[in-house]
Amino acid sequence: MDFKALITFQTIVSTGSFNRAAEELNYAQSTITMQIQKLESQLGVQLLERGKGISLTEAGRLFHEQSLLIVKDMGRLQSSLAEMKSGEAGSVRLGATDPTASYRLPRLLQQFMSLYPKIEISVDIAGTPALTERLLRGELDMVLCSAPELGKELHFEPLFTEKFVLLMPEDHPLADLPEVTPDHLRRHRLLITAVNCPYRKKLESVLQEFAGPPLNTMEVGSMTALKFYVEAGLGLAFVPESTLAPVPAGTAVRQLAGGTVDMACGIACRVADYPLRSSSLRLYQFLKRELSLR
């Protein structure tokens, strides 16, 4: 059934005339007549009584009532599809690692969703390895993370640097030193993240380069939890500076001399999906602009 014919039928009924319907729809009257004849032929019933005026048959009254809903629904559907095509509506499956997921993303998403209220966003929070695997399987549209492993079919655009500082109890022996070096860390318990965490790999690489791996470590699975373990006096840890506002009570912050454990972070998507489209592109552009300023 031709959707245009439904609109023509509804317009004839609302205007009461083939002529006025043709003028409103900017059709030739012959086109209007042909559309209605074809519609009646498809349905196998007469819809309109032709005479001095236009009136609905019994079948026409039923069809008018039911097709009103169809026309309205189709109108809404066409509008939704147009909004989706332009990026004004749709859904985005976003992955994010901490601390970005907890400390940067909530405020950014609030801003974005106030600009684009018809775009629905879901957020999956995990580590870079897990999120990039989900991305490759097509379960996510984009991921905010550290640089993924080389060789994967992913497009990665660095946007900002996650700065790390050394957090320790304020009565810790290293807190009195004017400068903390990698060699100092070997004599004290260092809290570290899970073995597959890119940050831990970077940290171990830096420490091995300057002083060899630390001998006394304690693994804590969550990067955002590290500061609470330091606050409890369990050791010292490199933590994202963005998570220390304010600095936990009873702790002190120091920079590491002779090496850096800062990490580049950005947006990853599948090579096959780049450049992104529609609502995903809207979010990508927004996050790229906002995070590049940090």
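Quick caveat, the model's predicted, so the values are computed rather than measured. (Residues numbered from 1 in each chain as written. Predicted model: local features only at pLDDT ≥ 70, side-chain atom pairs only at ≥ 80, totals over all residues. Heavy atoms only, no water.)

(A) Examining the overall build of the protein more closely. What the protein contains, in helices and strands, is 10 helices and 12 strands. C-alpha atoms of the protein, sized along the principal axes, occupy 100 × 40 × 30 Å. Taken across its 294 residues, the protein has 44% of its residues classed as buried. Long-range pairs, those at least 24 residues apart, make up 72% of the contacts in the protein with a sequence separation of at least 6. Here the protein displays about 15,600 Å² of accessible surface, and carbon together with sulfur accounts for 52% of that area. The average position of the 31 basic charges and that of the 33 acidic charges among the side chains of the protein differ by 4 Å. (Helix = DSSP H or I, 4+ residues; strand = E, 2+ residues; numbered from the N terminus. Buried < 20%, exposed > 50% of the residue type's maximum accessible area, 1.4 Å probe, protein only. Contact = heavy atoms within 4.5 Å. Areas by Shrake-Rupley, 256 points an atom, 1.4 Å probe, with all protein chains shown as cover. Lys, Arg positive; Asp, Glu negative; His and termini not counted. Charge placed at Lys NZ, Arg CZ, Asp CG, Glu CD.)

(B) Quick look at the side chain of His184. Tracing the sequence through the fold places His184 in helix H7 (residues 182–185). Among the polar contacts listed, one links the side chain of His184 to the backbone nitrogen of Thr181, at a separation of 3.0 Å. Beyond its immediate sequence surroundings of up to four residues, His184 is in contact with Leu174, Leu177 and Glu179. (Polar contact = N/O pair within 3.5 Å; in protein donor to acceptor, adjacent residues only side chain to side chain.)

(C) Representation of the packing of helix H2 (residues 18–25) against helix H3 (residues 29–43) within the structure. Two elements in contact, H2 and H3, have axes separated by 9 Å at closest approach and are oriented at 110°. One finds that H2 runs roughly perpendicular with respect to H3. Judged by residue contacts, Phe18, Asn19, Ala21, Ala22 and Leu25 of H2 engage Gln29, Ile32, Thr33 and Ile36 from H3. Residues belonging to the contact of H2 with H3 are distributed by class as follows: 6 nonpolar, 3 polar and no charged. (Axes fitted to C-alpha atoms, helices over the stretch in contact; angles between N-to-C directions. Parallel < 35°, antiparallel > 145°, perpendicular 65-115°, else oblique. Nonpolar A, V, L, I, M, F, W, Y, C, P; charged D, E, K, R; others polar.)

(D) Spatial organisation of helix H5 (residues 100–115). Under the 1.5 Å per step criterion, the end-to-end length of H5 is 21 Å for 16 residues, consistent within 8% with the ideal 22 Å. Where H5 bends most, the angle comes to about 35°, and this point is Pro106. Buried residues belonging to H5 abut strand S3 (90–96), strand S4 (119–125), strand S5 (142–146), strand S6 (154–162) and helix H10 (278–291). (Expected span 1.5 Å × (residues − 1). Bend = angle between axes of the 7 residues up to and from the residue.)

(E) Local environment of the sheet that holds S3. The 5 strands lie next to each other as S4-S3-S5-S12-S6, forming an open sheet whose pairing is mixed. Both edges of this open sheet fall to S4 and S6, since each of them pairs with a single strand only. Neighbour to neighbour, the strand axes of the sheet diverge by 20° on average, direction disregarded. Judged from the 8 bridges that link them, S6 and strand S12 (residues 263–270) form a sheet pairing that is antiparallel. For His155, the partnering residue across the bridge sits in S12 and is Cys269. Strands S3, S4, S5, S6 and S12 of the sheet are contacted by helix H6 (residues 128–136), whose axis makes an angle of about 155° with S5. (Pairing = 2+ DSSP bridges.)

(F) How the structure looks around the confidence of the model for the protein. Averaged over every residue, the pLDDT of the protein is 87; the share at 70 or more is 93%. Within the protein, no element has a lower average pLDDT than helix H4 (residues 58–86), which sits at 76, and none a higher one than S5, at 96. (pLDDT = per-residue confidence, 0-100.)

(G) Here's a closer look at unusual backbone geometry. The step from Ala245 to Pro246 runs through a cis peptide bond, and the omega angle for that step is 10°. Looking at the secondary structure, you find Pro246 in the loop between strand S10 (236–240) and strand S11 (251–254). Residue Pro275 is bonded to the preceding Tyr274 through a cis peptide linkage, with omega at 0°. One can find Pro275 in the loop between S12 and H10.

(H) Fine view of the packing of aromatic side chains. Following the criterion strictly, the structure yields 5 aromatic pairs and no others. Ring geometry for Phe112 versus Tyr116: centroids 5.0 Å apart, planes at 45°, classification tilted. Grouping residues by exposure puts Phe112 and Tyr116 together as buried. (Phe/Tyr/Trp six-rings, centres within 6.5 Å; stacked < 30°, edge-to-face > 60°.)

(I) Here's a closer look at the sheet that holds strand S9 (residues 217–219). With mixed pairing, 5 strands are arranged side by side in an open sheet as S9-S8-S10-S7-S11. Only two strands of the sheet have a single partner each, and these edge strands are S9 and S11. Geometrically, the sheet is characterised by an average inter-axis angle of 35° between neighbouring strands, direction not taken into account. Two strands pair when backbone bridges link them, and strand S8 (residues 190–192) and S10 are joined in this way by 2 bridges, in the parallel orientation. Looking at the pairing, Leu191 lines up with Ala237 of S10.

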